[in-house]
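The chain contents come next:
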Amino acid sequence: MMYVQRGAQGEVVGLIERALTNEEALSGEWAPADPADPEVGAFVRRVAGVGAANPLALTDAELARVTEDLIDVLIDRAVIQFTDLPVAAQNKLLQRRQTRATLANRLNLLGGDDII
């Protein structure tokens, strides 16, 4: 489980991926984080220094998601079939769908909007 810490203006100032200690849980400073939250992604990229040298790198993840959505629309409208794609592309799409489903299940373990 990931937890996020926000500053006075609501900006992400901390991110951890482990169980909270009792002290951290009682402090109220940490809340469950949504890995798909653009602010969380921006924080990780900023800390890792990703995109500093290449501004296009900042949009790569978003563009990958747009491409996946476009492929889904084309398949839903029967413009293409999933099997028309190269096997490597099929495998990557299936892997990303499984990863996304796993992440969604992790975020719903508590059910509803329960906050620790």
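Just above sits the structure.
Residues numbered from 1 in each chain as written. Predicted model: local features only at pLDDT ≥ 70, side-chain atom pairs only at ≥ 80, totals over all residues. Heavy atoms only, no water.

**Topic: the overall build of the chain**
Note the following rule: Working definition: helices are DSSP H or I runs of at least four residues, strands are E runs of at least two. Numbering for both runs from the N terminus. Throughout, exposure labels follow a simple rule: accessible area from a 1.4 Å probe, protein chains only, divided by the maximum for the residue type, with under 20% read as buried, over 50% as exposed, and the rest as partly exposed. Any two residues whose heavy atoms approach within 4.5 Å at even a single point are treated as in contact. Here the open area of atoms and residues is found with the Shrake-Rupley method and a 1.4 Å probe, where only the protein chains shown may cover a residue.
Scanning the chain for helices and strands turns up 4 helices and 3 strands. Starting at the N terminus, the α and β elements of the chain follow one another as β-β-α-β-α-α-α. For the chain, buried positions account for 19% of its 116 residues. Contacts spanning at least 24 positions in sequence make up 47% of the contacts within the chain whose residues lie at least 6 apart. Counting every atom, the chain has about 8500 Å² of accessible surface; 58% of that belongs to carbon and sulfur.

**What to know about the sheet that holds strand E3 (residues 30-32)**
Rule in force here: Each pair of strands is called paired provided DSSP finds at least two bridges between the two strands. Axis definition: a line fitted to C-alpha atoms, limited for helices to the stretch in contact. Angles are taken between N-to-C directions and run from 0 to 180 degrees.
Overall, antiparallel pairing links the 3 strands, which are arranged E2-E1-E3 in an open sheet. This sheet does not close on itself; its edge strands, each paired only once, are strand E2 (12-17) and E3. Going from strand to strand, the sheet's axes swing by 30° on average, the running direction of each strand aside. The sheet contact formed by strand E1 (residues 2-6) and E2 spans 5 bridges and is antiparallel. Residue Met2 lies in a different strand from E2, and its bridge partner there is Glu17. Helix-sheet contacts for helix H2 (residues 38-48) involve E1 and E2, and the interaxial angle to E2 is about 85°.

Shape descriptors only; they carry no functional weight alone.
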